[in-house]
Amino acid sequence: MAASLRLLLRRAVRHSYRNATDTAACRSLRPGCFSGPSPCCCFSDAAADRSTHFGFETVPEEEKAKRVYKVFENVAQNYDVMNDAMSLGIHRLWKDMLMHVMHPQPGARLLDVAGGTGDIAFRFMDYIRSQQGRKRRRAARAMQTPSWQEIANNYSTEDEAESHESQAVVCDINKEMLKVGQQKARSTSTTAGLSWVVGDAEELPFDDNQFDLYTIAFGIRNVTHIDQALQEALRVLKPGGRFLCLEFSKVTNPVLARLYDAYSFQMIPVLGEVIAGDWKSYQYLVESIRKFPDQEDFKGMIEEAGFYCVQYHNLTGGVVALHSGFKL
Ligand SMILES: C[S@@+](CC[C@H](N)C(=O)[O-])C[C@H]1O[C@@H](n2cnc3c(N)ncnc32)[C@H](O)[C@@H]1O
């Protein structure tokens, strides 16, 4: 009830500032809006007619979310296969790197936004289990005298309790993507600790200060108001919680950049057509990558949202960047 009321209030405030018609009104509703050197986003031409980009196309803001929904509805069934095909399996290494940097401990509570078919959440639970296994082996080595049976008895109950405490919530706007993830969880018997929630990154259906970790992998470039999604990430994280984002970014080496461009524009839509019978969705994916802010600009946006100690690592020469920041 309280969460729904808060959600309604937030929606009303956001609606007011998006519809503010003069500078004073906007300032009062959205303090800090004019603090930067660049013109206020509320009064830029783009905001005046509230248009945004969908790949290389300019579309009304309301239309972008619908189109993005359609893209992922279309690709859901082939999403995992296409991910492997398009990245030659390298997306797995990027996601492993995310886990390595996150280094979650048993008991941590993760919110994976735009979580799609659950890759990050599955990795998170695996990582926690391997941490527990390591802990168990270390403890077993320390206990020299008891029998192996006694050691196993001692630690199995403790581990079960801990693994139940660790939780990963996969939140995505698209039911079809979540459905595929849930099927994977059931078919691999890895449902424990996982929950699947339909929700918009811009208006998360969670109370404040709920999560230790917030991740968004290859999702934020699809969101219409990135600043709003970052504000929501900050809100739902506990103080001390960490924000981590994997996203396609700007390739730093000019030779690699040319090769990457040629591969993206000439190969990926073709792969989309051959494997999934869907050229257009994959054309959008490639174009949306080019419209996303580069590493430094995105770092600035995360800082502006209120995160501290923001830093990023380039992966594969900047094809992907891993940004991270803390809520203090
Ligand atoms: C490229 S997929 C990434 C899926 C997964 N994170 C991964 O790394 O494999 C992008 C996901 O973002 C979701 N998405 C797009 N806009 C969203 C929004 N506003 N809120 C939540 N999820 C959104 C899509 O439905 C899709 O599942």
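Placed above this text is the structure.
Residues numbered from 1 in each chain as written. Predicted model: local features only at pLDDT ≥ 70, side-chain atom pairs only at ≥ 80, totals over all residues. Heavy atoms only, no water.

A.B. asks: Honestly, the packing of aromatic side chains in this entry has me stumped. Any pointers?
C.D. replies: How two aromatic rings sit relative to each other is set out by the distance from centre to centre and by the angle between their planes. Using the criterion set out here, one finds 10 aromatic pairs in the structure. Taking 6.1 Å as the distance between ring centres and 50° as the angle between the ring planes, the aromatic pair formed by Trp94 and Phe218 counts as tilted. Placement of Trp94 in helix α6 (residues 90–102) and of Phe218 in the loop between β6 (211–217) and α10 (226–236) is noted, with a sequence separation of 124 residues between them. The buried category is assigned to Trp94, whose relative accessible area is 7%. Using a relative accessible area of 10% as the deciding quantity, one classes Phe218 as buried. Consider the rings of Phe243 and Phe307, whose centres lie 5.0 Å apart with planes at 35°: the pair is tilted. With a gap of 64 residues between them, Phe243 in strand β7 (residues 237–248) and Phe307 in the loop between α13 (295–305) and β8 (308–315) connect regions that are remote in the sequence. As far as the burial class goes, Phe243 and Phe307 line up, both buried. Site record: aromatic cluster; members linked through ring pairs are Trp94, Phe218 and Phe248. (Phe/Tyr/Trp six-rings, centres within 6.5 Å; stacked < 30°, edge-to-face > 60°. Helix = DSSP H or I, 4+ residues; strand = E, 2+ residues; numbered from the N terminus. Buried < 20%, exposed > 50% of the residue type's maximum accessible area, 1.4 Å probe, protein only.)

A.B. asks: Which parts of the structure should I look at to understand the sheet that holds strand β4 (residues 167–172)?
C.D. replies: Sheet strands pair by backbone hydrogen bonding; their relative direction is either parallel or antiparallel. As summarised here, the arrangement of the 7 strands in space is β5-β4-β3-β6-β7-β9-β8, forming an open sheet in which the pairing is mixed. The sheet terminates laterally at β5 (194–198) and β8, the two strands that pair on one side only. Adjacent strand axes in the sheet meet at a mean angle of 15°, parallel and antiparallel pairs treated alike. As paired elements, β4 and β5 share 5 bridges and run parallel to each other. Looking at the pairing, Cys171 lines up with Val197 of β5. (Pairing = 2+ DSSP bridges. Axes fitted to C-alpha atoms, helices over the stretch in contact; angles between N-to-C directions.)

A.B. asks: Help me understand the site of the ligand in this model?
C.D. replies: Around the ligand, a shell composed of 19 residues is seen, among which Ala114, Asp172, Asp200, Ala201 and Ala217 lie nearest. Taking Tyr79, its side chain carries an N or O atom lying 2.9 Å from an oxygen atom of the ligand. Asp172 is positioned with one of its side-chain polar atoms (N or O) 2.6 Å from an oxygen atom of the ligand. For the ligand, whose accessible area on its own is 600 Å², the fraction buried by protein is 97%. Partitioning the shell around the ligand into residue classes produces 10 nonpolar, 6 polar and 3 charged. (Near = heavy atom within 4 Å. Polar contact = N/O pair within 3.5 Å; in protein donor to acceptor, adjacent residues only side chain to side chain. Areas by Shrake-Rupley, 256 points an atom, 1.4 Å probe, with all protein chains shown as cover. Nonpolar A, V, L, I, M, F, W, Y, C, P; charged D, E, K, R; others polar.)

A.B. asks: Hey, could you run me through the nonpolar core in this one?
C.D. replies: Judged by nonpolar contacts, the single largest core of 33 residues is most densely connected at Trp94, Phe124, Leu194, Leu246, Phe248 and Val320. Elements supplying a minimum of two residues to this core: α6, α7 (119–142), β4, α9 (175–187), β5, β6, β7 and β9 (320–326). Per-element accounting of this core gives the leading share, 7 residues, to α7. Contact partners of Phe124, with chain neighbours within four places excluded, come to Met99, Met102, Pro104, Ala108, Leu110, Gln167, Ala168 and Leu213. Grouped together as the second largest cluster of nonpolar side chains are 27 residues, Ile216, Ile220, Leu230 and Leu237 included. (Core = buried A, V, L, I, M, F, W, Y, C linked by side-chain atoms within 4.5 Å. Contact = heavy atoms within 4.5 Å.)

A.B. asks: Help me out: how do you make sense of the pattern of salt bridges in this one?
C.D. replies: In total, this model carries 16 salt bridges according to the counting rule given. For the salt bridge of Glu73 with Lys70, the shortest nitrogen-to-oxygen distance reads 2.9 Å. Here Lys70 and Glu73 lie together in helix α4 (residues 61–75), a separation of 3 residues that amounts to about one turn. You can call Lys70 partly exposed: its relative accessible area is 45%. Ionic pairing is found between Asp119 and Lys184, a salt bridge with its closest N-O pair at 3.2 Å. Of this pair, Asp119 sits in helix α7 while Lys184 sits in helix α9; the two residues are 65 residues apart in sequence, bridging distant segments of the chain. With relative accessibility at 12%, the residue Asp119 sits in the buried group. With a relative accessible area of 22%, Lys184 lands in the partly exposed category. A single network of salt bridges, built from pairs that share partners, joins Asp80, Lys95, Asp119 and Lys184. (Salt bridge = Lys/Arg side-chain N within 4 Å of Asp/Glu carboxyl O.)

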